[in-house]
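Each chain, written out:
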Amino acid sequence: MFAETVRQAMQAIARNAMRSFLTILGVIIGVAAVITMVTIGNGSSQQIEADVSKLGTNLLIIRRGAGMGPPSAGRSAPSFTIKDVEAIKEQIGGVLAVAPANTSSVTMIFGNENHETSITGTDNEFLVARDWNIALGREFFDNEVSGGKTVCILGATVREELFGAGDPVDETLRSEKFSCRVVGVLEAKGASSFGQDQDDTVLMPIKAFMRRIAGDQDVASIYVAVQPGFSTDKAKSDIEALLRERRRVDPGEEDNFSVMDTKEISSMLTSVTGVMTGLLSAVAGVSLLVGGIGIMNIMLVSVTERTREIGIRLAIGATEGQVLMQFLVEAIVLSLFGGLIGIALGLALGYVGSNFMKVPFVPDWTITFIAFVFSAFIGIVFGYFPARRAARLDPIEALRHE
Amino acid sequence: MSEGDATPVISLRSVTRVYGEGEAAVRALRGIDLDIRAGEFVAIMGPSGSGKSTAMNIIGSLDTPSEGSYRFLGADVGDFDRLQRALLRREYLGFVFQGFNLLARTSAVDNVELPLIYKGIGRAERREKAIRTLQRVGLGHRLDKDPSQLSGGEQQRVAIARAIASEPAVLLADEPTGNLDTARSIEIMELISQLNDEEGLTVIMVTHEPDMAEYAKRIVHFKDGLIEVDGLNGTPRKPALEHADVR
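Within each chain, residue numbers correspond to sequence positions counted from 1 in written order. Labels follow written order: the first chain is A, the first ligand is 1, and so on. Predicted model: local features are reported for residues with pLDDT of at least 70 only, side-chain atom pairs are reported and counted for 80 or more only, and whole-chain, interface and lining totals are derived from all residues. The basis for every side-chain value is the complete set of heavy atoms in the structure, and neither hydrogens nor water enter the calculation.

### Describing the overall build of chain A
And step 1. When helices and strands are counted, chain A shows 13 helices and ten strands.
And step 2. Computed over its C-alpha atoms, the radius of gyration of chain A comes to 32 Å, more than 25% above the 21 Å expected for a compact globule of 402 residues.
And step 3. When the backbone C-alpha atoms are referred to their principal axes, chain A occupies close to 100 × 55 × 35 Å.
And step 4. The buried label applies to any residue whose accessible area, calculated with a 1.4 Å probe on protein chains only, is under 20% of its type's maximum; exposed applies above 50%, and partly exposed to all values in between. For chain A, the residues scored as buried account for 48% of the 402 residues in total.
And step 5. Residue pairs in contact within chain A that sit at least 24 positions apart in sequence constitute 79% of those at least 6 positions apart.
And step 6. For chain A, the exposed area adds up to about 18700 Å²; of that, 59% sits on carbon and sulfur atoms.
And step 7. Computed over 35 positive and 44 negative side-chain charges, the inter-centroid distance for chain A is 5 Å. Secondary structure elements follow DSSP: runs of H or I of four or more residues count as helices, runs of E of two or more count as strands, with numbering from the N terminus. Just to be clear, the radius of gyration here is over C-alpha atoms, and the globule rule we use is 2.2 Å times residues to the power 0.38. Working rule for contacts: check all heavy atoms of both residues, and any pair within 4.5 Å makes them a contact. Areas reported here follow the Shrake-Rupley algorithm with a probe of radius 1.4 Å; residue values treat only the protein chains shown as occluding. Counting rule applied: Lys, Arg positive; Asp, Glu negative; His and chain ends not counted. For the purpose of locating charges, the reference atoms are NZ of Lys, CZ of Arg, CG of Asp and CD of Glu.

Written out as structure tokens, the structure reads:
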């Protein structure tokens, strides 16, 4: 009997294929939107975790200002100096590498090619801290670092943009403020979260950076890699104590700098993505509700339109329950169709979107299942009222209806 | 259909039906008594507004009397709720309407299967029964046609097949020939009287055409909500002998 009801519902839906499709469009869009959002959100979170773990699990990043707020928040706090870097190197136990890092943007020119990229002033320990290898050429020589020579190491993207497949080593790049000789090329690391290309970078000795680009002796941030087997938490609190002393932060006063480990960075970034995903999914959820109301509307129209049919069915022996069931099942089948199409569309859009945003495609089967169940639920809720109206029709009146 | 002669299939006593209330009340039936026994073929006649359609609706358990009693095979239908009345229609009654009332865009055989679905009969048995019934009314060659592909006479045959497929005790026909030309009307009436003669199906038919009423064995005249004349038709018209259900 139930299978029969479903079969009849399918027939009724197929008889009005176009209208049925328009009816469920709201549910399709709602479900697709939720699934797309969740899929891309999941992919972004996973990408962030992967990126951050690429930084290394034993990495600490020290920046001025409290927390990881907008740069302006740290502007009032004093910068670090090369001496701070050396103090950490000498006084903190268990550190593997300590590197200053100042970053700016710059347009590099070679021949007819030019390319806008970011340039970081640092030293060889940056490569250790970031676990980044040289693919071609060499690291900086010590005298290049201490003397602030204008030499540079290119990220894979910069090399590709300016030299194509050619060998850049010993070539000289120009920019507005300086020119530098290429000594090496970094291994490709790939894109990071939010589509940021980590290989789109140029490294140069920090002293050269200070003299040619920044024009001061400030160090913006410090990368510290902790030796395997040593506690990052211990290193972190040691560094905090040291820097408070060096920066003369009074006891009881807040740090005017922050030391973050990769776990914190990761959880902070993923929580941002989580909030975004949640908000967008909520909007999508509202469209699901609207879709449900659309189904109710059309089912009500359908009941009025099919009044005579209902009268015939009642006259030839359908019970009230059977008519109720017929219309309810029709609404449920409709919204389930909507749900299924929405799921397929959502997964497809999620796949395209993930590729576009260069994040992994991570479908969430729980949400998919919930979306499916929820669309059935919408059919029941919004189908019940029209179905009850159909079932309660007076057969004589219904038969007279034209 | 041999329910025995003792208990009438249908028994109406002092049945009234009043629509509306107070000053505006319309008394469609003003107290009728009517017994119909198994195997009868009754034509109900009368001018419009005479109460014949109201009586038909009450007999068909689509409507309930305002006062008086309606017993179907001895059971008091007046006590029935909506569900019980639906079940009464499903198990014991078959309806044929003036306007055929087939489901559009639904094949003849699917239309005939409909009451069997509601009875809960399995798919294979249902289909076989529907096909057999359509053959019985001479439409074995039109099984898969939609109502729009059938002539009026054919549509009414499908409707009759749908009404009798579930083997009801009583066939209720409301102006079954009202939308048909004379030749088609005669075919339909011959089919109905055949079913009455050969299978003992009890038939109650509302009509305003005396020619059609001639097929019935008993004619009841309604006037102003009362039964005016209730008499046997001594010489009911018989189906032409050569008419058969082959084709």
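### Points about the sheet that holds strand β2 (residues 26-36) of chain B
And step 1. Ordered by their spatial adjacency, four strands build an open sheet running β2-β1-β4-β5 (chain B), and the pairing between neighbours is antiparallel. What marks the edges here is a single partner per strand, and that holds for β2 and β5 (75-76) of chain B. Whether two strands pair depends on DSSP finding at least two bridges between them.

### Some words on the side chain of T157(A)
And step 1. In this fold, T157(A) is placed in helix α6 (residues 156-163).
And step 2. Setting aside residues no more than four positions away along its own chain, T157(A) makes contact with D197(A), D199(A) and D200(A).

### As for the nonpolar core
And step 1. For our purposes a nonpolar core is just a set of buried Ala, Val, Leu, Ile, Met, Phe, Trp, Tyr and Cys residues, chained together by side-chain atoms within 4.5 Å. Judged by nonpolar contacts, the single largest core of 69 residues is most densely connected at I10(B), L12(B), F72(B), V170(B) and I204(B).
And step 2. At ten residues, helix α11 (residues 320-356) of chain A tops the list of elements feeding residues into this core.
And step 3. The residues contacting I10(B), other than those within four sequence positions of it, are L34(B), D35(B), I36(B), I59(B), Y70(B), R71(B), F72(B), V170(B) and I204(B).
And step 4. Listed in part, the 40 residues of the second largest apolar core include L102(B), I121(B), L143(B) and A161(B).

### So, the packing of helix α9 (residues 262-305) of chain A against α11(A)
Residue and element names in this part refer to chain A.
And step 1. In this analysis an axis means a line fitted to C-alpha atoms, helices contributing only their contacting stretch, and an angle means the value between N-to-C directions, from 0 to 180 degrees. Where α9 meets α11, the closest approach of the two axes is 11 Å, and the angle between their N-to-C directions is 140°. With respect to α11, the element α9 is oriented oblique. Every pair of crossing elements has a handedness; the one defined by α9 and α11 is right-handed. In this structure, α9 contributes I295, M299, S302 and V303 to the contact, and α11 contributes F327, E330, A331, L334 and S335.
And step 2. Considering only residue class, the contact of α9 with α11 consists of six nonpolar, two polar and one charged. The scheme is simple: roughly parallel for angles under 35 degrees, roughly antiparallel for over 145, roughly perpendicular for 65 to 115, oblique for anything else. Left-handed describes a crossing in which the near helix is turned anticlockwise from the far one by less than a right angle; the clockwise case is right-handed. Note that Gly is not counted as nonpolar here; it falls among the polar residues with everything else outside the nonpolar set of Ala, Val, Leu, Ile, Met, Phe, Trp, Tyr, Cys and Pro and the charged set of Asp, Glu, Lys and Arg.

### Structural notes on the interface of chain B and chain A
A common way to express how large an interface is: the accessible area buried when the components associate.
And step 1. Between chain B and chain A, the residue contacts involve 25 residues of the former and 27 residues of the latter.
And step 2. Of the roughly 2300 Å² buried between chain B and chain A, counting both surfaces, carbon and sulfur atoms make up 55%.
And step 3. Every case where a carboxyl oxygen of Asp or Glu lies within 4 Å of a side-chain nitrogen of Lys or Arg is listed as a salt bridge. Summed over the shared surface of chain B and chain A, the number is two salt bridges.
And step 4. As a salt-bridge pair, E320(A) and R82(B) come within 2.6 Å of each other at their nearest N and O atoms.
And step 5. Mapped onto the side of chain B that touches chain A, the elements with two or more residues apiece are α2 (82-92), α3 (108-119) and α4 (123-136) of chain B.
And step 6. Take the side of chain B that touches chain A: its biggest share by element is six residues, from α2(B).
And step 7. Split into classes, the residues belonging to the side of chain B that touches chain A amount to 13 nonpolar, three polar and nine charged. Buried area counts how much accessible surface, traced with a 1.4 Å probe, disappears from two parts once they are put together, with both parts' losses summed.

### A short note on the state of the cysteines
Note on terminology: disulfide describes a covalent bond linking the sulfur atoms of two cysteines.
All names here are of chain A.
And step 1. Note that a disulfide, as used here, is simply two cysteine sulfur atoms within 2.5 Å. As enumerated under the stated definition, the model contains one disulfide over all chains in all.
And step 2. Each disulfide pairs two cysteine sulfurs, and for C152 the partner residue is C180, the sulfurs being separated by 2.4 Å. Linking C152 and C180, the disulfide has an S-S dihedral of approximately 70° and is accordingly described as right-handed. Within this pair, whereas C152 is found in strand β5 (residues 151-154), its partner C180 is found in strand β7 (residues 179-186), the two being separated by 28 residues in sequence.
And step 3. For C152, a relative accessible area of 0% puts it in the buried group.

### Things to note about the packing of aromatic side chains
Between two aromatic rings, the relevant description is the distance of the centres plus the angle of the planes.
All names here are of chain A.
And step 1. A pair of aromatic rings is counted whenever rings of Phe, Tyr or Trp (Trp by its six-membered ring) have centres within 6.5 Å, and the orientation is called stacked for planes under 30 degrees apart, edge-to-face for over 60 and tilted otherwise. Here the structure, examined in full by the defined rule, presents six aromatic pairs over all chains.
And step 2. Judged by centre distance (5.1 Å) and plane angle (90°), the rings of Y351 and F361 are edge-to-face. With Y351 in helix α11 and F361 in the loop between α11 and α12 (365-391), the pair connects residues that are ten residues apart, well separated along the chain.
And step 3. The partly exposed category is assigned to F361, whose relative accessible area is 33%.
And step 4. By definition here, charges over rings are those cases where NZ of Lys or CZ of Arg is within 6 Å of the ring centre and within 35 degrees of the ring normal. It is R138 that lies over the ring of F141; its NZ or CZ is 3.7 Å from the centre.

### A few points about the sheet that holds strand β9 (residues 218-223) of chain B
Residues and elements named next belong to chain B.
And step 1. Here six strands make up an open sheet; going across it, the order is β6-β7-β8-β3-β9-β10 and the pairing mixed. A strand with exactly one partner marks an edge of an open sheet, and here the two such strands are β6 (93-96) and β10 (226-232). Neighbour-to-neighbour, the strand axes of the sheet open up by a mean angle of 15°, direction not taken into account.
And step 2. Of the strand pairs in this sheet, strand β3 (residues 41-45) and β9 are connected by four bridges, and their pairing is parallel. Among the inter-strand pairings, M45 is bridged to a residue of β9, identified as H221.
And step 3. The sheet contacts of helix α1 (residues 52-59) involve β3, β6, β7 (170-174), β8 (202-206) and β9, and relative to β8 the element is tilted by about 150°.
And step 4. Set on the sheet, helix α5 (residues 152-165) makes contact with β6 and β7; between it and β6 the angle comes to about 170°.

### Brief notes about the confidence of the model for chain B
Low pLDDT means the predicted atomic positions in that stretch should not be read closely.
Residue and element names in this part refer to chain B.
And step 1. Looking at chain B as a whole, its pLDDT mean stands at 90, while 94% of the residues score no less than 70.
And step 2. pLDDT is defined as a per-residue confidence score from the predictor, taking values between 0 and 100. Looking over chain B, one finds the lowest element-wise mean pLDDT in β10, namely 91, and the highest in β8, namely 96.
And step 3. Throughout residues 241-247 the model reports pLDDT below 50, and contacts reaching past four residues in sequence, or to other chains, amount to eight contacts.

### Some points on the confidence of the model for chain A
And step 1. Taken over all residues, the pLDDT of chain A has a mean of 86, while the share at 70 or more is 95%.
And step 2. No element of chain A has a lower mean pLDDT than α9(A), at 83, and none a higher one than strand β8 (residues 201-205) of chain A, at 93.

### A short note on the side chain of E113(B)
Residues and elements named next belong to chain B.
And step 1. Mapped onto the elements of the fold, E113 is located in helix α3.
And step 2. Overall, the relative accessible area of 2% leaves E113 in the buried class.
And step 3. Here R126 takes part through its side chain, which lies 2.8 Å from a polar atom of the side chain of E113.
And step 4. Setting aside its immediate chain neighbours within four residues, E113 contacts R126, R127 and A130. Two N or O atoms form a polar contact when they lie within 3.5 Å of each other; inside protein one atom must be a possible hydrogen donor and the other a possible acceptor, and for residues adjacent in sequence the pair counts only when both atoms belong to side chains.

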